[in-house]
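Reading the structure
In case you want the letters, here they are:
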Amino acid sequence: MTPGPENPERPKAAEPSGVDLARVALRAAKEQARARGNAVQQKKQARRGGLRSGARADGRDPLPLGAAINRLITERGWEAPAAVGGVMGRWPQMVGPDVALHCEPQKYDEDARVLTVQCDSTAWATQLRLLAPQLVARLNADLGQGTVKTIKVLGPGGPSRRYGPLRAPGSTGPGDTHG
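Presented here is an overview of the structure given in this document. As the structure is a computational prediction, the values presented were derived from the model and not from experiment.

Grouped together as the largest cluster of nonpolar side chains are 21 residues, with contacts concentrated most on Leu115, Val117, Leu128, Leu135, Leu139, Val148 and Ile151. Mapped by element, the contributors of at least two residues to this core are helix H3 (79-89), helix H4 (91-95), strand S1 (103-109), strand S2 (114-119), helix H6 (122-143) and strand S3 (150-154). Here this core gets seven residues from one element, more than from any other, and that element is H6. With near-sequence residues (within four places) excluded, leucine 139 lies in contact with Val87, Met94, Leu115, Gly144, Val148 and Ile151.

To continue, consider the pattern of salt bridges. Per the stated rule, a full pass over the model turns up two salt bridges. Where arginine 71 meets glutamate 75, a salt bridge forms, and the shortest distance between an N and an O atom there is 3.5 Å. In this pair, arginine 71 and glutamate 75 both sit in helix H2 (residues 65-76), four residues apart, roughly one turn of the helix. A residue is classified by how much of its surface remains accessible, and arginine 71, at 42% relative accessible area, is partly exposed. In this structure, aspartate 142 engages arginine 90 in a salt bridge whose closest nitrogen and oxygen atoms are separated by 2.7 Å. With a gap of 52 residues between them, aspartate 142 in helix H6 and arginine 90 in the loop between H3 and H4 connect regions that are remote in the sequence.

Once that is clear, we can look at the sheet that holds S2. With mixed pairing, three strands are arranged side by side in an open sheet as S1-S2-S3. Looking at strand neighbours, the two that pair on one side only are S1 and S3, the edges of this open sheet. Averaged over neighbouring strand pairs, the angle between their axes works out to 25° when direction is ignored. One ladder, built from five bridges, connects S2 with S3; its direction is parallel. Within the sheet, the bridge partner assigned to threonine 116 lies in S3 and is lysine 152. Contacts from H3 reach S1 and S2, with the element oriented near 175° to S1. Seen against the sheet, H6 touches S1, S2 and S3 and runs at an angle of roughly 160° to S3.

Definitions and cut-offs
- Residues numbered from 1 in each chain as written.
- Predicted model: local features only at pLDDT ≥ 70, side-chain atom pairs only at ≥ 80, totals over all residues.
- Heavy atoms only, no water.
- Core = buried A, V, L, I, M, F, W, Y, C linked by side-chain atoms within 4.5 Å.
- Buried < 20%, exposed > 50% of the residue type's maximum accessible area, 1.4 Å probe, protein only.
- Helix = DSSP H or I, 4+ residues; strand = E, 2+ residues; numbered from the N terminus.
- Contact = heavy atoms within 4.5 Å.
- Salt bridge = Lys/Arg side-chain N within 4 Å of Asp/Glu carboxyl O.
- Pairing = 2+ DSSP bridges.
- Axes fitted to C-alpha atoms, helices over the stretch in contact; angles between N-to-C directions.

Here is the structure:
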């Protein structure tokens, strides 16, 4: 008998034979055993106080100090401040020994991307202001584009306004007679 418009009977799907049934049952038994084994393994680890390091390297193994610091810098997002700190340490190589002798980097503002440099004389402050665009380009080539937008140049600090060894707490200076 053939299925057709006059005979609506369809052929039945082949039912799994004995071998196919055995394969399906074996696969299910293996999955259940694997799940039970994982559960037992997790219980053992919990009893021992957590995971243990084995023969292969994983994330819990000790790291060399340099690698641990690099990982910490990356995780915390400190790449730019660390790079600028490296520049402060290599300042003489970046600007030359003459300029480094008279100008010293003080701080870096990460939000404004401004490097503050203090000079020991007004002449050197003026010279550094003239060199600032080339210095910004050199710093950005070393650190990555846009790391330093401007250089704020400070002149020499004035002498301290301390008149004598004793000061009254909270006084504002020599003109403060009631303080």
